[in-house]
Amino acid sequence: MTGAVEPGRTGRSPSASPPALVPAGLVQARSEWIGFYDTHYHRVVRFVMHNGASQANAQDAAQDAFLESWALVSKDPDRWQAIAGKAAWIRTVALRRYRRPPGSRRRPPEARDEMPDQPVPGPGHEELTVQAQLVLRALRSLDEEARAVMAFELDGISAADIARALNITQQRVRDVRKKARKVLKYELGGTATPGRRQL
């Protein structure tokens, strides 16, 4: 996240000695949350972009979602620990934040928006960026539900977690996914995307 520091990070290594007044349980929870943030932040931005957001709006939504997750960690850690499928949960919160009524900060997607990519072996960065943009455009041809299902699918989220996140049945997930894959194969001309599940 460019120019932003998540809650609890002060530029000091997470392994450094915490302040004496911080409870030991919160220190452990904070360390785990930082790992969760580092693993998922760019993926959540990409996920929201898969759902039609501009890069700036996706970053805003992801930041809001992680702020909400940190509030849970720091104020109600038991509730945070009880969340099943945290990867799906954080994406659902970010998507909900993106879909809220538009405000002055909401900006439409632009052709130059580039999706964040995690390094993967295989093609070079330039080729991955082109392929990512093709996937992004193809996903925008789907309806809102299908975009969400496929965005979860591309991030490797299970059908059970997708169903829970979208409040639909697993059968509905499978039906939407099957229909969406046909549309995407047509839009993408049958090409595969490196580092992702086969559509």
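Everything that follows concerns the structure shown earlier in this document.
Quick notes on the rules
Residues numbered from 1 in each chain as written. Predicted model: local features only at pLDDT ≥ 70, side-chain atom pairs only at ≥ 80, totals over all residues. Heavy atoms only, no water. Salt bridge = Lys/Arg side-chain N within 4 Å of Asp/Glu carboxyl O. Helix = DSSP H or I, 4+ residues; strand = E, 2+ residues; numbered from the N terminus. Buried < 20%, exposed > 50% of the residue type's maximum accessible area, 1.4 Å probe, protein only. Polar contact = N/O pair within 3.5 Å; in protein donor to acceptor, adjacent residues only side chain to side chain. Expected span 1.5 Å × (residues − 1). Axes fitted to C-alpha atoms, helices over the stretch in contact; angles between N-to-C directions. Parallel < 35°, antiparallel > 145°, perpendicular 65-115°, else oblique. Left-handed = near helix turned anticlockwise from the far one by under 90°. Contact = heavy atoms within 4.5 Å. Nonpolar A, V, L, I, M, F, W, Y, C, P; charged D, E, K, R; others polar. Phe/Tyr/Trp six-rings, centres within 6.5 Å; stacked < 30°, edge-to-face > 60°.

Chemist: What's the story with the pattern of salt bridges in this structure? I'm lost.
Modeler: Side chains that carry opposite charge are capable of pairing whenever their charged atoms lie near each other. Under the defined criterion, the tally for this structure stands at ten salt bridges. Between glutamate 153 and arginine 181 there is a salt bridge; the shortest N-O distance is 2.8 Å. On the criterion of sequence distance, the pair formed by glutamate 153 in helix 6 (residues 144-154) and arginine 181 in helix 8 (residues 170-188) is long-range, its members being 28 residues apart. Judged by relative accessible area, glutamate 153 falls into the buried class, the value being 4%. Two residues, aspartate 161 and arginine 164, come together in a salt bridge whose shortest N-O distance is 2.4 Å. Of this pair, aspartate 161 and arginine 164 both sit in helix 7 (residues 159-166), three residues apart, roughly one helical turn. Several salt bridges converge on common partners, so that one network encompasses Arg46, Arg91 and Asp155.

Chemist: What exactly am I supposed to notice about unusual backbone geometry here?
Modeler: A negative phi holds for most residues other than glycine; trans holds for most peptide bonds. A positive phi angle is found at asparagine 167, which is not glycine, with a value near 60 degrees. Tracing the chain through its elements places asparagine 167 in the loop between helix 7 and helix 8. The class for asparagine 167 is exposed, based on a relative accessible area of 71%.

Chemist: Before we go on, may I ask you to explain the side chain of arginine 46 in this structure?
Modeler: Relative to the helices and strands, arginine 46 is located in helix 1 (residues 24-50). For arginine 46, a relative accessible area of 6% puts it in the buried group. A distance of 3.3 Å separates the side chain of arginine 46 from the side chain of aspartate 155, its partner in a polar contact.

Chemist: When you look at helix 2 (residues 55-75) in this model, what are you seeing that I'm missing?
Modeler: Given 3.6 residues to a turn, an α-helix orients residues that are three or four positions apart in the same direction. With 21 residues, helix 2 ought to run about 30 Å at 1.5 Å a step, and its terminal C-alpha atoms sit 30 Å apart, in line with that. Among the residues making up helix 2, those that are buried are Ala56, Asn57, Ala58, Ala61, Ala62, Asp64, Ala65, Phe66, Ser69, Trp70, Leu72 and Val73.

Chemist: Help me out: how do you make sense of the packing of helix 2 against helix 4 (residues 86-99) in this one?
Modeler: Between two packed helices, what matters for the description is the angle formed by their axes and the separation of those axes. Put simply, helix 2 and helix 4 touch, their axes get as near as 8 Å, and they point 125 degrees apart. Judged on the interaxial angle alone, helix 4 and helix 2 are oblique. Between helix 2 and helix 4 lies a crossing of right-handed hand. Residue-level inspection shows Asn57, Ala61, Ala62, Asp64, Ala65, Phe66, Glu68, Ser69 and Leu72 of helix 2 in contact with helix 4, the latter providing Trp89, Ile90, Val93, Ala94, Arg96, Arg97 and Tyr98. Of the residues assigned to the contact of helix 2 with helix 4, the class counts are ten nonpolar, two polar and four charged.

Chemist: What is the right way to read the packing of aromatic side chains from this model?
Modeler: To describe a pair of aromatic rings, you give the distance between the ring centres and the angle between the ring planes. Enumeration over the complete set of coordinates arrives at ten aromatic pairs. Here the aromatic rings of phenylalanine 36 and phenylalanine 66 are separated by 5.9 Å at their centres, their planes lie at 55 degrees, and the arrangement is tilted. Linking phenylalanine 36 in helix 1 with phenylalanine 66 in helix 2, this pair joins segments that are 30 residues apart in sequence. Phenylalanine 66 shares its class with phenylalanine 36; the two are buried.

So far we have only geometry, and geometry alone does not tell us how the molecule works.
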